[in-house]
Amino acid sequence: MTTKIFDYTKICEHILLLDEKIRFAGIINQRGRLVAGGMKENVEPLENEKDDEMIFMELALRVKMRKEFDRQLGSVNFAMASRERALAMSFIINEDILYVVAEPDADYGTLPKKILKIIETQQE
């Protein structure tokens, strides 16, 4: 299987511009490290840097665990968590994770589809 090449920085930039309610778009590697993207300018973080590290590592672990069911259920298109203070979405790109955080009142019906379209069109 050939690994597709993506411009992670460009994907994150496009997503941050996609909707005013998006706060964060970043690529997390399998070890839970941020490798591209980040917080939108002039947005106050909801957590500190240490909490970010824990969130990213937990996300990487959760994605690995979900892959255990790919054979039975098919691969995950995206996952979403609606929280009181944020809407969090994750998308798999190759072996990495695109993590997007938006305001809790963002349109969770259309936003993931728009993000999937950006990923699809950003293949090099």
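Residues numbered from 1 in each chain as written. Predicted model: local features only at pLDDT ≥ 70, side-chain atom pairs only at ≥ 80, totals over all residues. Heavy atoms only, no water.

A. Focus on the pattern of salt bridges. A full pass over the atoms with the stated rule returns 5 salt bridges. For Asp 105, the salt bridge goes to Lys 21, with nearest N and O atoms at 3.0 Å. You can see Asp 105 sitting in the loop between β5 (96-102) and α4 (111-121) and its partner Lys 21 sitting in the loop between α1 (8-18) and β1 (22-28), a full 84 residues away along the chain. One salt bridge connects Glu 53 with Lys 50, and the closest N-O pair in it is separated by 3.6 Å. In this pair, Glu 53 and Lys 50 both sit in helix α2 (residues 49-66), 3 residues apart, roughly one turn of the helix. (Salt bridge = Lys/Arg side-chain N within 4 Å of Asp/Glu carboxyl O. Helix = DSSP H or I, 4+ residues; strand = E, 2+ residues; numbered from the N terminus.)

B. Structural detail: unusual backbone geometry. In this model, Asn 42 sits at a positive phi of 65°, which is unusual for a non-glycine residue. Relative to the elements of secondary structure, Asn 42 occurs in the loop between β2 (34-39) and α2. Judged by relative accessible area, Asn 42 falls into the exposed class, the value being 84%. Unusually for a residue other than glycine, Asn 94 sits at a positive phi of about 55°. Structurally, Asn 94 is set in the loop between β4 (87-93) and β5. In this structure Asn 94 comes out as partly exposed when scored by relative accessible area, which is 27%. (Buried < 20%, exposed > 50% of the residue type's maximum accessible area, 1.4 Å probe, protein only.)

C. Seen up close, the packing of α1 against α4. The geometry of α1 relative to α4 is characterised by a closest axis approach of 10 Å and an angle of 150° between their N-to-C directions. Our classification of the angle between α1 and α4 gives roughly antiparallel. For the pair α1 and α4, the crossing hand works out as right-handed. Mapping the contact onto sequence places Ile 11, His 14, Ile 15 and Leu 18 in α1 and Leu 111, Lys 114, Ile 115 and Ile 118 in α4. Per-class residue counts for the contact of α1 with α4 are 6 nonpolar, 1 polar and 1 charged. (Axes fitted to C-alpha atoms, helices over the stretch in contact; angles between N-to-C directions. Parallel < 35°, antiparallel > 145°, perpendicular 65-115°, else oblique. Left-handed = near helix turned anticlockwise from the far one by under 90°. Contact = heavy atoms within 4.5 Å. Nonpolar A, V, L, I, M, F, W, Y, C, P; charged D, E, K, R; others polar.)

D. Quick look at α2. With 18 residues, α2 extends 26 Å from end C-alpha to end C-alpha; this agrees with the ideal 26 Å at 1.5 Å per step. The elements touched by buried residues of α2 are β1, β2, β4 and β5. (Expected span 1.5 Å × (residues − 1).)

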